[in-house]
Amino acid sequence: MLIRTNVNGEERQADVWPGTSLLSMLRDHLGLVGSKNACEQGECGSCSVWLDGELVCACLVLAAQAGGRDVRTVESLAQGDRLHPVQKAFVDAGAVQCGFCTPGLIVATADLLQHDPTPGEETIREALAGNLCRCTGYQKIIDAVRIAAECRRA
Ligand code: FES
Ligand code: FES
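Reading guide: rules and limits
- Residues numbered from 1 in each chain as written.
- Chains lettered and ligands numbered in written order.
- Predicted model: local features only at pLDDT ≥ 70, side-chain atom pairs only at ≥ 80, totals over all residues.
- Pairing = 2+ DSSP bridges.
- Helix = DSSP H or I, 4+ residues; strand = E, 2+ residues; numbered from the N terminus.
- Axes fitted to C-alpha atoms, helices over the stretch in contact; angles between N-to-C directions.
- Contact = placed C-beta atoms within 7 Å.
- Buried ≥ 20, exposed ≤ 12 C-beta atoms within 10 Å, placed from the backbone.
- Parallel < 35°, antiparallel > 145°, perpendicular 65-115°, else oblique.
- Left-handed = near helix turned anticlockwise from the far one by under 90°.
- Nonpolar A, V, L, I, M, F, W, Y, C, P; charged D, E, K, R; others polar.

Draft legend 1. Representation of the sheet that holds strand 3 (residues 48–51). One open sheet accounts for 5 strands, arranged 2-1-5-3-4; its pairing is mixed. Two strands in the sheet have a free side with no partner beyond their single neighbour: strand 2 (10–15) and strand 4 (54–57). Adjacent strand axes in the sheet meet at a mean angle of 40°, parallel and antiparallel pairs treated alike. As paired elements, strand 1 (residues 2–7) and strand 5 (residues 70–72) share 2 bridges and run parallel to each other. Looking at strand 5, one finds that Asn 6 is bridged to Asp 70. Against the sheet, helix 3 (residues 102–115) contacts strand 3 and strand 4, and its axis sits at roughly 45° relative to strand 3.

Draft legend 2. Main features of unusual backbone geometry. For Asn 8, which is not a glycine, the phi torsion comes out positive at approximately 55°. With respect to the secondary-structure elements, Asn 8 resides in the loop between strand 1 and strand 2. In this structure Asn 8 comes out as partly exposed when scored by C-beta crowding, with 18 C-beta atoms within 10 Å. Even without glycine at this site, Tyr 138 takes up a positive phi of about 75°. Tracing the chain through its elements places Tyr 138 in the loop between helix 4 (121–127) and helix 5 (139–153).

Draft legend 3. Fine view of the packing of helix 3 against helix 5. Two elements in contact, helix 3 and helix 5, have axes whose closest approach is 11 Å; the angle formed by their N-to-C orientations is 45°. Judged on the interaxial angle alone, helix 5 and helix 3 are oblique. For helix 3 against helix 5, the interelement crossing comes out right-handed. Contacts between helix 3 and helix 5 involve Leu 105, Thr 109 and Leu 113 on the former and, on the latter, Ile 141, Val 145, Ala 148, Ala 149 and Arg 152. Along the lines of polarity and charge, the residues of the contact of helix 3 with helix 5 split into 6 nonpolar, 1 polar and 1 charged.

Draft legend 4. How the structure looks around the pairing of strand 3. Bridging between strand 3 and strand 4 involves 4 bridges; their strand directions are antiparallel. Its bridge partner being in strand 4, Leu 51 is matched across the sheet by Glu 54. Counting the residues that bridge the hairpin from strand 3 to strand 4 gives 2 residues, and of these Asp 52 lies at a positive phi of roughly 50°. Judged from the 2 bridges that link them, strand 3 and strand 5 form a sheet pairing that is antiparallel. Bridge pairing links Trp 50 to Arg 72 in strand 5.

Shown next as structure tokens:
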């Protein structure tokens, strides 16, 4: 089936099997491999994207459900070579090890700061509870969110 959807501000289309997930459409059909496929069960948050401005796990959304809607992926955040402030904060805080969880965490952090520019630690932990990291122990991730929030206020 042919799916037409707006991805990162561009009209895109893909011819997919009806059971194809949005994550698979993005990665395998549209070449947007920033969103990661770790669990494919909605458990890890590595595939987080915005669908009509709402944070979703792309592995749990059918590509067909995204037809005619707006999808924004982690690829929409950097401006050319210039990192988005949240991406820069993750680098500056050393919050990246293997990096597999990082795109999802960055999308979730950007989403959090859009809704709450000054989150406390509890709010940060709650907002990122759906994003699993096997490497960092989370403290540096929390630090990165704080740095990003400070940059936003500066
Ligand atoms: S790959 Fe979607 S939540 Fe893990
Ligand atoms: S940095 Fe490796 S899973 Fe998070």
